[in-house]
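Examining the three-dimensional arrangement
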Amino acid sequence: MIIKKMMTLLPLLAVIAGKSVYALPATQGCSRGTCTACHNLTVMEATKLLSNLGATIKEVKESPISGLWELTLDRNGERASAYMDYGKKYVLGGPLFSAVTKQRVNSMLEVTTGHSSRIDINVLPTGHSIVMGNPMGKKKLFVFSDPDCPYCAKLHGELKQLAAMEPDLSIYVKMYPLKMHPHAYDKARVILGANTIGMLDRAFAGQTLPQPGPGDPAGPVDDTIKLADAMGIDSTPTFVLPSGRIISGSKSAAEIRSLLTR
């Protein structure tokens with residue numbers, strides 16, 4: 001799954017303000033009746049309420065969830081979705097999923113995670129990684145991935161396409177098993193122990209992997225978990241771009257390619 005803690009929304013507003021829940025001044029709500037009949041929110045009003053976020057409100061519309069508006073925010077050309085309750089007291093950020101289809105139903109997000117929006121990519125260890133693309137490439141892309149994450153599985157094919165599109169790109173796939181996937185940790189050990197794209201292919205294809213043995217130590221996986229925690233990464237897939245920007249969420253090869261220079 002793309003979210004490590006299903007009870008907590010991934011902090012979309014980290015892109016905008018470094019916060020996942022933003023409290024607003026209290027306003028009156030309705031005690032009965034249909035909310036959409038007596039509540040409204042304009043772009044101008046939303047902009048005023050969220051004036052200190054440093055973002056432009058581009059659109060306000062009803063969200064798929066009753067009682068919330070969906071806001072489209074823009075900051076320096078970056079778009080993100082957020083949600084405001086009809087009482088105009090709170091703003092929530094994060095990807096929105098259907099419990100039926102398990103697919104994201106809101107607009108595509110670009111989420112910055114962690115304590116800083118950029119890091120020095122040259123300090124990231126390239127070891128304990130499955131390397132895709134050109135091992136000697138001048139450009140580096142790091143991807144924190146969980147072998148049981150369906151979004152990571154979808155991304156895997158996109159990364160192969162990206163490698164073909166960018167011959168000077170080294171892609172370092174870091175195994176970051178989430179606690180919500182009980183078998184992912186052992187799979188991560190086996191994948192790193194084999195150190196082959198083929199084993200990663202098998203995992204993302206849903207094939208059964210061998211149980212970890214003496215040649216599949218836990219240390220490399222533990223090191224990546226510690227690294228991700230130190231960087232504030234808590235979801236998969238998460239990218240560290242050549243510029244040092246950290247973003248989360250599965251994307252197409254073309255979308256990732258467009259981000260390589262940003």
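Since the structure is predicted, the reported quantities are computational estimates derived from the model, not experimental observations.

**Quick notes on the side chain of histidine 181**
Structurally, histidine 181 can be placed in the loop between strand E9 (169–175) and helix H4 (184–194). You can call histidine 181 buried: its relative accessible area is 11%. Reaching out from histidine 181, the side chain makes a polar contact with the side chain of aspartate 146 at a distance of 2.9 Å.

**Concerning the packing of H4 against helix H5 (residues 197–204)**
Two elements in contact, H4 and H5, have axes whose closest approach is 8 Å; the angle formed by their N-to-C orientations is 155°. In terms of axis orientation, H4 runs roughly antiparallel to H5. Touching Val190, Ile191 and Ala194 of H4 are Met199, Leu200 and Ala203, all from H5. Here the contact of H4 with H5 is built from residues that sort into six nonpolar, no polar and no charged.

**Digging into the pattern of salt bridges**
Per the stated rule, a full pass over the model turns up five salt bridges. Of the charged contacts, one joins glutamate 45 and lysine 88 as a salt bridge, the two residues approaching to 2.7 Å between their closest N and O atoms. Here lysine 88 lies in the loop between strand E4 (78–85) and strand E5 (90–93) and glutamate 45 lies in helix H2 (residues 43–49), a separation of 43 residues in the sequence. Glutamate 45 sits in the partly exposed class, given a relative accessible area of 27%. For lysine 88, a relative accessible area of 12% gives the class buried. For glutamate 166, the salt bridge goes to lysine 139, with nearest N and O atoms at 2.6 Å. Residue glutamate 166 is located in the loop between helix H3 (150–165) and E9, and its partner lysine 139 is located in strand E8 (residues 139–145); the two are separated by 27 residues in the primary sequence. Residue class for glutamate 166 comes out buried when judged on its relative accessible area of 12%.

**Some details on the packing of aromatic side chains**
Per the counting criterion, the structure on display carries three aromatic pairs. Considering the side-chain rings of phenylalanine 142 and tyrosine 172, the 5.1 Å spacing of their centres and the 25° angle between planes classify their relative orientation as stacked. On the criterion of sequence distance, the pair formed by phenylalanine 142 in strand E8 and tyrosine 172 in strand E9 is long-range, its members being 30 residues apart. The same class applies to phenylalanine 142 as to tyrosine 172, namely buried.

**Focus: the nonpolar core**
In terms of nonpolar packing, the biggest core is built from 32 residues, with Leu141, Leu159, Leu162, Ile171 and Phe239 touching the most fellow members. Counting only elements with at least two residues in this core, the list comes to strand E7 (129–133), E8, H3, E9, H4, H5 and helix H7 (253–259). With six residues, the top contributor of residues to this core is H3. In terms of nonpolar packing, the next biggest core, distinct from the first, is built from 13 residues, Ile121, Phe144, Ile233 and Ile246 among them.

**Quick word on the confidence of the model for the protein chain**
Per-residue pLDDT for the protein chain averages 80, and the proportion of residues at 70 or more is 74%. A low-confidence stretch, residues 1–21 stays under pLDDT 50, and its non-local contacts, those more than four residues away or across chains, total 73 contacts.

Scoring rules and cut-offs
Residues numbered from 1 in each chain as written. Predicted model: local features only at pLDDT ≥ 70, side-chain atom pairs only at ≥ 80, totals over all residues. Heavy atoms only, no water. Helix = DSSP H or I, 4+ residues; strand = E, 2+ residues; numbered from the N terminus. Buried < 20%, exposed > 50% of the residue type's maximum accessible area, 1.4 Å probe, protein only. Polar contact = N/O pair within 3.5 Å; in protein donor to acceptor, adjacent residues only side chain to side chain. Axes fitted to C-alpha atoms, helices over the stretch in contact; angles between N-to-C directions. Parallel < 35°, antiparallel > 145°, perpendicular 65-115°, else oblique. Contact = heavy atoms within 4.5 Å. Nonpolar A, V, L, I, M, F, W, Y, C, P; charged D, E, K, R; others polar. Salt bridge = Lys/Arg side-chain N within 4 Å of Asp/Glu carboxyl O. Phe/Tyr/Trp six-rings, centres within 6.5 Å; stacked < 30°, edge-to-face > 60°. Core = buried A, V, L, I, M, F, W, Y, C linked by side-chain atoms within 4.5 Å. pLDDT = per-residue confidence, 0-100.

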